[in-house]
Amino acid sequence: MLTISRRTFLKAGALAGAACAVPAAFDFPSFVRGAAEQPVTKIPSTCNGCSTNCALWVYVKNGRLWKLEGDPKSMKNEGRLCARAYGVAADVYNPDRVTGPMKRTGEGQFSPISWEQAFTEIAGKLTKIIDKDTAGAVAWMAHGGKETYAQMLLDEIGAATYITHYSTCFTSKTNAWDKMVGNQLTSDINRARYMLFAGRNYAGGIMPGAMRKIMRAKDRGAKIVVVDPRLCELAKVADEWLPIRPGTDLAFFLGLAHTLISEKLYDEKFVKEYVFGFEEFWNANRYFTAEKAAEICDIPAAKIRAIARELAKNAPAAFLEPGYHGLHNHYAASTQIAQANVIVNALLGNFYKHGGLMPAAGPKFGKLTLPKRLQPEKGERADGAGVNNEYPTVETSRGIAQHMPDRIAAGKVKALFIYHFNPLRTAPDPEYQKKMVKADLVVSIPVDWNETSVHTAHYILPEHYYLERMDAPKSTGGNIAHDYPQAVMRFPALKPLHNTKHLLDILKGIAQAMKIDDLYPFTVEEEAAAMLKPLGATLDTMKDNGCLEVAEAVRPEFPVKDGKPALTTTTGKVEFSVGAFKLHGRMGVPVWTPPLVSPKAENEFRLIHGKQPWHSHSVTSNSPYLMAVSKSYNGSRMWMNRSRADKLGVRDGDTVTVEARIEHGGEARTVSKKVAVKVTEMLHPECVWVPSGYGNFSPRQKVGYQQGVNYNDFAPARVEPLSGGCMVQEVIVTVRKGG
């Protein structure tokens, strides 16, 4: 087994690189002394291991990565870094990176080409598609980041379809909060006296700054309650863990709301002044008591009432954490779950209150002044988001990623760009997702040989690794409250190792090959300088100081204008009833909605998933160091409750066969995978749990290839109609011992 530490593996890489740079006449001890005496440079950057953007300092020696340190000023990590940060940084030297532009020559086969050839051929095919089929058949899919650059190209050609990964992550939350509140509020952990987390695991989907705040809150006496079918990492430090029946969180939330209202524990003044639709919600749920909720969610009615009373007692310095990936995408009722979350918090009157929920603090960046361009009018989106008679209430700022093969088959998408996104591994049903290769043009812009690139891309245009490039400033705001806005920025710490480019230069090359003049008349440096100017900062100050905090505090004040509530909702108030849902024939308020499917037989389980502290879905699945951590903890095993395992004759460490029936588009097939099992009491008996970050099936990623299973292997590609989520925990699998 590989034995590592955070320090030693980075230092080992640095020494190995330095060794290659020294003339052979030196003996090794002399070289080591010489290398050790070389100067070390310190450059600010942000981690690329997940979407948190933890600020860090990169130390470089002999032109190689020497070590990392967290930036103590950053509210997201408070000077700490998780294992993923170190593993992802070391992957700059991973031999499975794409080393230059590639063109598909056969199934899984590619030939290196020049950048000039790539730009010329892609521009030619893209122009032909636009001329023949209209620009509406062009789509851009991305995990996130650099939206501006892609949007400029889409605007120029008249394409409407920019798609984020949100529909595979937490799109129900953003949709509900935007429609009900007009903003995404964040939990003020620093001042809270009572914190209820449901489907949110800051210690697994780790955010170091959040965990430090949680632990400080615990030390000062705040109560922490975690609701999760599994004893997750956060539950281990909580005062109470409630192992809820998976898929029933909506019932639990409605039970809390009923108790708050029926026992008159809610903030009547806040509701009267700032809430619209309270009566409609109460009329629809007046008989959904804590007892009714208990029958469904396996949490006793007395406990539901006790939690509601404790929340009310500590309000407004109490919250039901708004949540993230766990609940807000994976069930048929995920949108209603997010709605109920808003309602419970509003009943506590904790909006814009210290200790409750506060708006994210964001710097007021400037922007470049660019010449206005005459651009074509856009048509409907090709993914159906926001389109009448398709998915009218799905956010057009997020889109729908998981049904792209159907949109291609229907002729709605002909050209597809995929940036920093791997839907073949992070969206449901990879065999279905492989059909994206049938588009007329598929361009992948990754850093490594991920599954999407290998199985669908016609061209691969590798981007500089994050340590090799400058990226424009970003806000650190979101997820957790912080009084002051912060900005972070990524500077190039290392020279590019391979024939790669910055995304801006890739798009400049394509635009120029399309004969589009001066679409990007700026550099990243010029863009960043313009953004920083209103903050009184420059590139030099960012480079010298790292994370920048702005002295303009977020106030605990509900938005009011002319004496009236002034949220950006239709009424200016928190809207318990969503008019857009009613307009399209759905209920405006949440009511109990059962899961689509439930296990019935002795060998049937609901398949759920979650994160481990050292993996981020597919981004980390080929890191040698993080996979070594997995091996040391048997981390790729599937969890199963001991009582259910005993009935199936399964023992800890046994291999089982997991099967699911996938139906899509009139076709049906059975998916069957083998995986080792962790038998435990720390999981609700009705489900099995698998960690994300495994099941790599790109043969060009040798470390992670075929390690463990992935929940997406067993889920059909579906679209939840209100928010566009993919409902991947609406899956029942059968399990049997052996192969």
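Nothing here was measured: the structure is a model prediction, and the numbers come from that model.

### Section: the overall build of the protein chain
And then number 1: Within the protein chain, the secondary structure is distributed over 23 helices and 29 strands.
And then number 2: Taken over the C-alpha trace, the protein chain has a radius of gyration of 26 Å; the compact-globule value for 739 residues is 27 Å, and the two agree within 12%.
And then number 3: C-alpha atoms of the protein chain, sized along the principal axes, occupy 80 × 65 × 55 Å.
And then number 4: Every one of the 739 residues in the protein chain was classed for burial, and the buried ones make up 60%.
And then number 5: Of the roughly 28400 Å² of accessible surface on the protein chain, 51% is carried by carbon and sulfur atoms.
And then number 6: If the 91 positive side-chain charges of the protein chain are averaged to one point and the 75 negative ones to another, these points end up 3 Å apart.

### Some words on the packing of aromatic side chains
And then number 1: Applying the stated criterion across every chain yields a total of 24 aromatic pairs.
And then number 2: When the ring of W140 is compared with that of Y419, the centres are 6.3 Å apart and the planes differ by 40°; the resulting orientation is tilted. Within this pair, whereas W140 is found in strand 6 (residues 138-142), its partner Y419 is found in strand 15 (residues 415-419), the two being separated by 279 residues in sequence.
And then number 3: When its relative accessible area of 2% is taken as the criterion, Y419 is described as buried.
And then number 4: A connected cluster of aromatic rings, assembled from ring pairs, spans W177, F270, Y274, F351, Y352 and F558.
And then number 5: Directly above the ring of W689 sits R230, whose terminal nitrogen or CZ lies 3.7 Å from the centroid.
And then number 6: Here the guanidinium or amino end of K678 rests over the ring plane of W639, the centre of that ring lying 5.0 Å away.

### Here we look at the pattern of salt bridges
And then number 1: Per the counting criterion, the structure on display carries 40 salt bridges.
And then number 2: For D71, the salt bridge is made with K73, and the minimal N-O distance between the two is 3.1 Å.
And then number 3: Classification of K73 as partly exposed rests on a relative accessible area of 40%.
And then number 4: Across the pair R469 and D471 runs a salt bridge, and its minimum N-O distance is 2.8 Å.
And then number 5: The class for R469 is buried, based on a relative accessible area of 5%.
And then number 6: In this structure D471 comes out as buried when scored by relative accessible area, which is 8%.

### A short note on the pairing of strand 6
And then number 1: With five of five residues buried, strand 6 lies mostly within the body of the structure.
And then number 2: In strand 6, alternate side chains face the same way, and those of V138, W140 and A142 on one face and A139 and M141 on the other are all buried.
And then number 3: With five bridges joining them, strand 6 and strand 15 adopt parallel strand pairing. Its bridge partner lying in strand 15, A139 is registered against L416.
And then number 4: Direction of pairing for strand 6 relative to strand 7 (residues 161-164): parallel, over a ladder of four bridges. Note on strand 7: the bridge partner recorded for A139 is T161.

### Details of the sheet that holds strand 1 (residues 40-46)
And then number 1: If you trace the three strands from one edge of the open sheet to the other, you get 1-2-3, paired in antiparallel fashion. Whereas interior strands pair on both sides, the edge strands pair on one side only; in this sheet they are strand 1 and strand 3 (64-70). This sheet shows a mean twist of 30° between the axes of neighbouring strands, independent of strand direction.
And then number 2: The sheet contact formed by strand 2 (residues 55-61) and strand 3 spans six bridges and is antiparallel.

### Quick word on the side chain of N201
And then number 1: Assignment of secondary structure puts N201 in the loop between strand 9 (194-198) and helix 7 (208-219).
And then number 2: Relative accessible area serves as the criterion here: at 14%, N201 is assigned to the buried category.
And then number 3: Residues in contact with N201, not counting those within four places in the same chain, are R230, C232, E233, L234 and K611.

### Regarding the packing of helix 8 (residues 249-262) against helix 12 (residues 301-314)
And then number 1: Remark: helix 8 packs on helix 12, axes separated minimally by 9 Å, with the N-to-C direction vectors making an angle of 60°. Between helix 8 and helix 12, the angle is such that the two are oblique. The two elements helix 8 and helix 12 meet at a crossing, and its hand is right-handed. Across the interface between the two elements, F252, G255, L256, T259 and L260 from helix 8 touch I304, R305, I307, A308, L311 and A312 from helix 12.
And then number 2: By residue class, the composition of the contact of helix 8 with helix 12 is eight nonpolar, two polar and one charged.

### What about unusual backbone geometry?
And then number 1: Along the chain, A315 connects to P316 via a cis peptide bond; the corresponding omega equals 5°.
And then number 2: Here P316 shows up in the loop between helix 12 and strand 13 (318-320).
And then number 3: With a phi angle near 50°, K264 is a residue other than glycine that sits in the positive phi range.
And then number 4: Its place among the elements puts K264 in the loop between helix 8 and helix 9 (268-274).
And then number 5: K264 gets classed as exposed once you look at its relative accessible area, which sits at 60%.

### Details of the pairing of strand 24 (residues 604-610)
And then number 1: Of all seven residues that make up strand 24, six are buried, and the element is covered over most of its length.
And then number 2: With three bridges connecting them, strand 24 and strand 29 (residues 732-737) associate as antiparallel partners. Residue pairing for strand 29: E604 is matched across the bridge by T734.
And then number 3: Alignment of strand 24 against strand 28 (residues 687-691), held across five bridges, turns out to be parallel. Within strand 28, the position partnered with I608 by the bridge is W689.

### Some details on the state of the cysteines
And then number 1: Within this structure, the stated rule accounts for zero disulfides.
And then number 2: C232 takes part in no disulfide bond, and the closest cysteine sulfur, belonging to C687, lies 12 Å away.
And then number 3: We classify C232 as buried; its relative accessible area is 1%.

### Examining the sheet that holds strand 18 (residues 471-475)
And then number 1: Taken together, three strands build an open sheet; the order of strands is 18-19-20 and the sheet is antiparallel. What marks the edges here is a single partner per strand, and that holds for strand 18 and strand 20 (548-549).
And then number 2: Sitting on the sheet, helix 19 (residues 524-532) is in contact with strand 18 and strand 19 (486-490), with an inclination near 30° to strand 18.

### So, the nonpolar core
Across soluble globular proteins, you tend to see nonpolar side chains buried next to one another.
And then number 1: Residues F252, L347, F351 and V574 are the most contacted members of the largest nonpolar core, which totals 94 residues.
And then number 2: If one sorts the elements of this core by residue count, helix 8 sits on top with nine residues.
And then number 3: With sequence-adjacent residues up to four places away left out, V574 is seen in contact with M180, V181, F270, Y274, V275, F276, V342, A346, F351, F558 and L567.
And then number 4: Core analysis: the second largest hydrophobic core is formed by 71 residues, A123, I129, L507 and V550 among them.

### Let's talk about the confidence of the model for the protein chain
And then number 1: Across the protein chain, pLDDT averages 94, with 96% of residues at or above 70.
And then number 2: A low-confidence stretch, residues 1-24 (pLDDT under 50), is modelled with 34 contacts involving residues beyond four sequence positions or located in other chains.

Conventions and cut-offs
Residues numbered from 1 in each chain as written. Predicted model: local features only at pLDDT ≥ 70, side-chain atom pairs only at ≥ 80, totals over all residues. Heavy atoms only, no water. Helix = DSSP H or I, 4+ residues; strand = E, 2+ residues; numbered from the N terminus. Rg over C-alpha atoms; globule rule 2.2 N^0.38 Å. Buried < 20%, exposed > 50% of the residue type's maximum accessible area, 1.4 Å probe, protein only. Areas by Shrake-Rupley, 256 points an atom, 1.4 Å probe, with all protein chains shown as cover. Lys, Arg positive; Asp, Glu negative; His and termini not counted. Charge placed at Lys NZ, Arg CZ, Asp CG, Glu CD. Phe/Tyr/Trp six-rings, centres within 6.5 Å; stacked < 30°, edge-to-face > 60°. Lys NZ or Arg CZ within 6 Å of the ring centre and 35° of its normal. Salt bridge = Lys/Arg side-chain N within 4 Å of Asp/Glu carboxyl O. Pairing = 2+ DSSP bridges. Axes fitted to C-alpha atoms, helices over the stretch in contact; angles between N-to-C directions. Contact = heavy atoms within 4.5 Å. Parallel < 35°, antiparallel > 145°, perpendicular 65-115°, else oblique. Left-handed = near helix turned anticlockwise from the far one by under 90°. Nonpolar A, V, L, I, M, F, W, Y, C, P; charged D, E, K, R; others polar. Disulfide = S-S within 2.5 Å. Core = buried A, V, L, I, M, F, W, Y, C linked by side-chain atoms within 4.5 Å. pLDDT = per-residue confidence, 0-100.

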